[in-house]
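Observations on chain architecture
Listed below, chain by chain, are the residues.
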Amino acid sequence: MALLSFAIGAVQATATFTVAAGGSANGQIGTLLNTNLTAVTAGAVPASGQFNISATPATQAASMVLAINAVLGTNVLATNALGVVTITALVPGVMGNGFQISAGNLANVTAGAWANGSDGTAYTVDLR
């Protein structure tokens, strides 16, 4: 007996960091997938999870995207639009809805919980 099992229509979970005017302060930390994202005044090293702060939301968010993609790029993809960092799980399914995200003590940043991940519809085909 040979059974083939698969799912169709699985959806990737997403979450957000929204940056407000004023930006964060040096040394403040948020977390994503239990990885620290650290605000620095200048000279951020994205590969170590650092991002540059800015009073302009879109500028700080763009720096956050660089840090997220540098340290977590095998698990998520981050994009920025007008100060909103959208993080998308690379693997679809409901498991992404339980991923960790926290703005921690980042001033002027709010975190939106992971949501919308779906396993799709499961099918099994008997190949006999």
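Each remark here, short or long, concerns the structure printed above.
Let me begin by describing the structure that accompanies this report. None of these values were measured; they are calculated from a predicted model.

Within the protein, the regular secondary structure consists of one helix and 10 strands. In the protein, the order of α-helices and β-strands from amino to carboxyl end is β-β-β-β-β-α-β-β-β-β-β. Computed over its C-alpha atoms, the radius of gyration of the protein comes to 18 Å, more than 25% above the 14 Å expected for a compact globule of 128 residues. Overall, the C-alpha framework of the protein stretches about 65 × 25 × 20 Å when taken along its three principal axes. Out of the 128 residues belonging to the protein, those deemed buried represent 33%. Considering only residue pairs separated by 6 or more positions, the protein has 61% of its internal contacts joining residues 24 or more positions apart. Here the protein displays about 6500 Å² of accessible surface, and carbon together with sulfur accounts for 59% of that area.

On to unusual backbone geometry. Leaving glycine aside, a negative phi is the common case for residues, and trans is the common case for peptide bonds. Phi at N34 is positive, roughly 60°, even though this residue is not glycine. Tracing the sequence through the fold places N34 in the loop between β3 (29–32) and β4 (35–40). The exposed category is assigned to N34, whose relative accessible area is 67%. The phi dihedral of N116 falls on the positive side, at around 75°, and the residue is not glycine. For N116, the position within the fold is in the loop between β9 (109–115) and β10 (121–126).

Definitions and limits used
- Residues numbered from 1 in each chain as written.
- Predicted model: local features only at pLDDT ≥ 70, side-chain atom pairs only at ≥ 80, totals over all residues.
- Heavy atoms only, no water.
- Helix = DSSP H or I, 4+ residues; strand = E, 2+ residues; numbered from the N terminus.
- Rg over C-alpha atoms; globule rule 2.2 N^0.38 Å.
- Buried < 20%, exposed > 50% of the residue type's maximum accessible area, 1.4 Å probe, protein only.
- Contact = heavy atoms within 4.5 Å.
- Areas by Shrake-Rupley, 256 points an atom, 1.4 Å probe, with all protein chains shown as cover.

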